[in-house]
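Observations on the three-dimensional arrangement
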Amino acid sequence: MPRTSRRRRFIKMLTRNLHQRKSLVAMSMLSDDSGSSSDDGGSSSSSSDSTTGAIIFAAAYNSSKKKLEFAEKSRYLFRTGYRKSNQDVFINDLNTGSGDERPWLTEDEFKKKYRMNREALDFITDKIKDDKVFKNKRGPKQMNPKHQLMVLLDYLGTEGCGANLPKQRAYFKIGHGSVKNCRKRARKAILRCLGEKYYNWPDENERRKIAKWFKKEFNLPNCVGVMDGTLFPLEFEPETEDAGDYHGRKFQWSLTCLVVSDQKRRIRWYVSGYPGSAHDNRMLRRSPLKLKKEEWFALYEYIIGDTAFDPGENVVPAYKASPGQSEPDDPDERLFNRVMSTPRVSSEHVNGMWKGRFPWLRMIPNKIKNKKTLKCVLEYIHCTVLLHNLLIEIGDEHVKSWEREQDRLSDIADPDRAPSDGMPEEERVLYRGVPEGAPKDWRRDTLKEYLREHHAAFELQKRDMVDDESSDEDMEDLYVYEAQFEAYFNRYN
C-alpha cells in the first residue's frame, strides 16, 4: 500500500474534525428547536444556554472549515520559516584572496573539490548562464547559475554516496530540495548549451588530420580513432526485471560503455546504458558505427581496438593469441599487435582521465528503478563527457594522481576520394574500399602486410627524430504537528 504524505494525512484529520463539528452544530440546532417547541413558557436561561452552545459549535465549525481550505491550498503546512546560514560557502570557495588575505581554498584545493580551476568554472558558467532552466516564470529568484553548477561539480567529483543530499546540504548550507534542483538545472543546461560543440564525430577534414597524426606517430595510415570498452560500477542493485543482467564479470552491478577517442584523448563517440553483462562487440554490432558505417567513415578509414572486437571494413582489432599463450604465433601478427599497443593504451588513459576527473563514474550512487531513473544516470554520464572534452579544449590540466589503475579496466570506398599526392605505390592499397566478396579480415590483413614491409624503417626514422615537446603523460511521523501548523496558520491569517 503506498504511503501518503504527512500533509495529506493531516488534511484527512482536519476533514474528520470538520465533519464532527458539523454534526455537533446540527445536533445543537435540533436540540434548540425541540426545546423551544415543547416548552414555550420555559425558562429563558435554558434557551439562552442552548443558543450559546449552537453559536460556539458554529464558530468551531467555521474555524475548522477555514483551516481545511487553507491547508488544501498550501503546498507546505509545517514550515516555521526558512533556515538560513550566515556563511556563504560559495563566496568563500570562489574567493581568491586579496593583499594579505589568503583564499579559503587554494588553487589545488579548489580543483580537487570542483575538478577544474576557477577560470574553467567561469568559462563554463558563461556558456550556460543564459539557459532557460535558470529563469523562473514565477516564484522566488534562483541561486546564481555558477553556484548551482558548483553543486553539480561537487556531486560528480565525489565517488559513491560521498556527496548525497544530506552531505551536500550540510556543506553548502542550502535545503535538500535546493540541492536536487541545482543538480538537475545545471545538468540540463550543460546538455543543451554544450552538447553540439563539445561532442561530435569528426568531419572529413578533421578525420584526415587525425589520420595524419596516427600515421606520423604510429605508422598507422587512415586510422581515425581508438575504440575501447569500460565499466561503470553501480552502488545499488537495480530494481528492474532484468536486474540480473547488470551482473558483470568484474563488478557486482555495472553499466557497460563503449568509447571511441581521438589523438587528443577527447571522446568523439560513445554508447552506454547496456547492462554490465553486455559484451563490447555486441554493442558495436548494434551501433551506427557498424549499421551506418558509410555515414561515419570514408571507404579506407578505420578505428582500432583490442581482441574483444570482430574485424570488419572499418574496425581493425588486435590479433588473438593461441590458447595458453600471451602472443600470436605468427611474427607478423606479433609485430601488428605491438604497433597497435601504444595507441590502444592511450584509449585506456582516456578512461582513466575521464573517471579520474569525475569519480562519480567509479561508483554510480543512483538507483536504477525504471526508464526514467536510467535516463537520469545517462544524462549525468553525458554531462561528464561534455565537460571532459571541453576541459581538454580549453587546456585545463588533468591531474595525474586522480587516476587509478582499475579505471582503465577494459575488455580490451571511392578510390578517387583518397589522397594520393606523393604517396608511395605500395601504400595506395590502404586507401581502397574492401573488395566485394573479400573476407571480413581483409582490412586488417592488408594493414598487417604494410607494417611487415615498412615498420622497421619507420622505427629507425622515429629514433632519429628529436622531439622537444612535452608528452601528454605529464598532464596530469500528526498530531504532534498541530501546534506547529497552528503557528503557521496564524502567521498568514
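Residues numbered from 1 in each chain as written. Predicted model: local features only at pLDDT ≥ 70, side-chain atom pairs only at ≥ 80, totals over all residues. Heavy atoms only, no water.

**Focus on the confidence of the model for the protein chain**
Stated formally: For every residue, the predictor assigns a confidence score, pLDDT, that lies between 0 and 100. Note on contacts: a residue pair qualifies if any of its non-hydrogen atoms lie within 4.5 Å across the two residues.
The predicted model of the protein chain has a mean per-residue pLDDT of 82, with 81% of residues at 70 or higher. This model gives residues 410–422 a pLDDT under 50, and the stretch forms 29 contacts once residues within four places in sequence are excluded. Confidence over residues 466–476 falls short of pLDDT 50; this stretch has 13 contacts with residues more than four positions distant or in other chains.

**A closer look at the packing of helix 7 (residues 165–172) against helix 8 (residues 176–198)**
So the rule is basically this: What counts as an axis is a line fitted to C-alpha atoms, over the stretch in contact for a helix, and the angles between N-to-C directions run from 0 to 180 degrees. Starting at the N terminus, helices and strands are each numbered in turn, a helix being any DSSP run of H or I of at least four residues and a strand any DSSP run of E of at least two. Here roughly perpendicular refers to angles of 65 to 115 degrees, roughly parallel to angles under 35, roughly antiparallel to angles over 145, and oblique to all remaining angles. Classification convention: Asp, Glu, Lys, Arg as charged; Ala, Val, Leu, Ile, Met, Phe, Trp, Tyr, Cys, Pro as nonpolar; all other residues, Gly among them, as polar.
One way to put it is that helix 7 packs onto helix 8 with a least axis distance of 9 Å and a crossing angle of 100°. Comparing the axis directions of helix 7 and helix 8 gives the class roughly perpendicular. Across the interface between the two elements, L165, P166, Q168 and R169 from helix 7 touch H176, V179, K180 and R183 from helix 8. Its residues assigned to classes, the contact of helix 7 with helix 8 shows 3 nonpolar, 2 polar and 3 charged.

**Description of the pattern of salt bridges**
Oppositely charged side chains may form a pair once their charged atoms are brought near each other. Selection rule: What makes a salt bridge here is a side-chain nitrogen of Lys or Arg within 4 Å of a carboxyl oxygen of Asp or Glu, nothing more. Here's how the labels work: a residue is buried when its accessible area is under 20% of the maximum for its type, exposed when over 50%, partly exposed in between, all with a 1.4 Å probe on protein chains only.
One pass over the structure, following the stated rule, counts 18 salt bridges. For D122, the salt bridge goes to K146, with nearest N and O atoms at 2.5 Å. Taken as a pair, D122 in helix 5 (residues 118–128) and K146 in helix 6 (residues 145–156) lie far apart in primary sequence, 24 residues in all. Across the pair R266 and D262 runs a salt bridge, and its minimum N-O distance is 2.7 Å. Judged by relative accessible area, which is 9%, R266 ranks as buried. Owing to a relative accessible area of 3%, D262 belongs among the buried residues under this scheme.

**Considering helix 12 (residues 331–357)**
As a reminder of what qualifies: In a helix, the anticipated span is given by 1.5 Å times the number of residues less one. Bend at a given residue is defined as the angle between two axes, one fitted to the seven residues that end at that position and one fitted to the seven that begin there. In protein, a polar contact requires one atom able to donate a hydrogen and another able to accept it; more generally it is a pair of N or O atoms within 3.5 Å, and residues adjacent in sequence count only if both atoms are side-chain atoms.
Relative to the 39 Å expected for 27 residues at 1.5 Å per residue, helix 12 spans 39 Å between its end C-alpha atoms, a close match to the ideal helical length. The sharpest bend along helix 12 measures roughly 40° and falls at S341, with the proline P343 sitting one to four residues further on. Looking at where helix 12 begins, the residue whose side-chain oxygen comes 2.7 Å from the main-chain nitrogen of D332 is D330.

**With respect to unusual backbone geometry**
Here R115, not a glycine, exhibits a phi torsion of approximately 65°, which is positive. By secondary structure assignment, the location of R115 is in the loop between helix 4 (107–114) and helix 5. Positive phi values are uncommon outside glycine, yet N222 reaches one of about 70°.

**Describing the side chain of N117**
Here N117 is to be found in the loop between helix 4 and helix 5. Here D396 takes part through its side chain, which lies 2.6 Å from a polar atom of the side chain of N117. Once residues within four sequence positions are removed from consideration, N117 is found in contact with E107, F110, K111 and D396.

**Looking at the packing of helix 6 against helix 8**
Between helix 6 and helix 8, the least distance of the axes is 8 Å, while the angle of their chain directions is 95°. Looking at the two axes, helix 6 sits roughly perpendicular to helix 8. Contacts between helix 6 and helix 8 involve Q148, L149, V151, L152 and Y155 from the former and V179, N181, C182, R183, R185, A186, R187 and I190 from the latter. Taken together, the residues that form the contact of helix 6 with helix 8 break down as 8 nonpolar, 2 polar and 3 charged.

**Observations concerning the sheet that holds strand 4 (residues 302–305)**
Applied cut-off: For two strands to be treated as a pair, DSSP must find no fewer than two bridges joining them.
Spatially, the 5 strands line up as an open sheet ordered 3-2-1-4-5, and their pairing is mixed. Two strands in the sheet have a free side with no partner beyond their single neighbour: strand 3 (267–275) and strand 5 (315–317). Strand-to-strand twist of the sheet, defined as the mean angle between neighbouring strand axes without regard to direction, takes the value 25°. Sheet contacts for helix 13 (residues 371–393): strand 1 (223–233), strand 2 (254–261) and strand 3; angle to strand 3, the most-contacted strand, approximately 160°.

**Things to note about the nonpolar core**
Let me state the cut-off plainly: Joining through side-chain atoms within 4.5 Å is the link that ties buried Ala, Val, Leu, Ile, Met, Phe, Trp, Tyr and Cys residues into a set, and such a set is a nonpolar core.
The biggest cluster of nonpolar side chains holds 55 residues, and the ones touching the most others in it are I190, L194, L255, W354, W360 and I381. The element best represented in this core is helix 13, accounting for 10 residues. Those residues in contact with L194 that lie beyond four places of it in its chain are I124, K127, I128, A189, Y199, L386, L387 and L390. W201, V271, L284 and F297 belong to the second-largest nonpolar core, a separate cluster that totals 18 residues.

**Description of helix 15 (residues 482–491)**
Filter applied, for reference: Here, the arc refers to the directions that run from the helix axis to the C-beta atoms.
Burial in helix 15 covers these residues: F485, Y488 and F489. Buried residues along helix 15 cover an arc of 100° about the axis, so they all sit on one side.

**Observations concerning the environment of K290**
Considering the arrangement of structural elements, one finds K290 in helix 11 (residues 288–291). Residue K290 is classed as partly exposed on the basis of its relative accessible area of 29%. For the pair formed by K290 and V315, sequence separation is 25 residues and the distance between their alpha carbons is 8.8 Å. If we skip the residues at most four places from it in the chain, K290 touches L284, R285 and G312.

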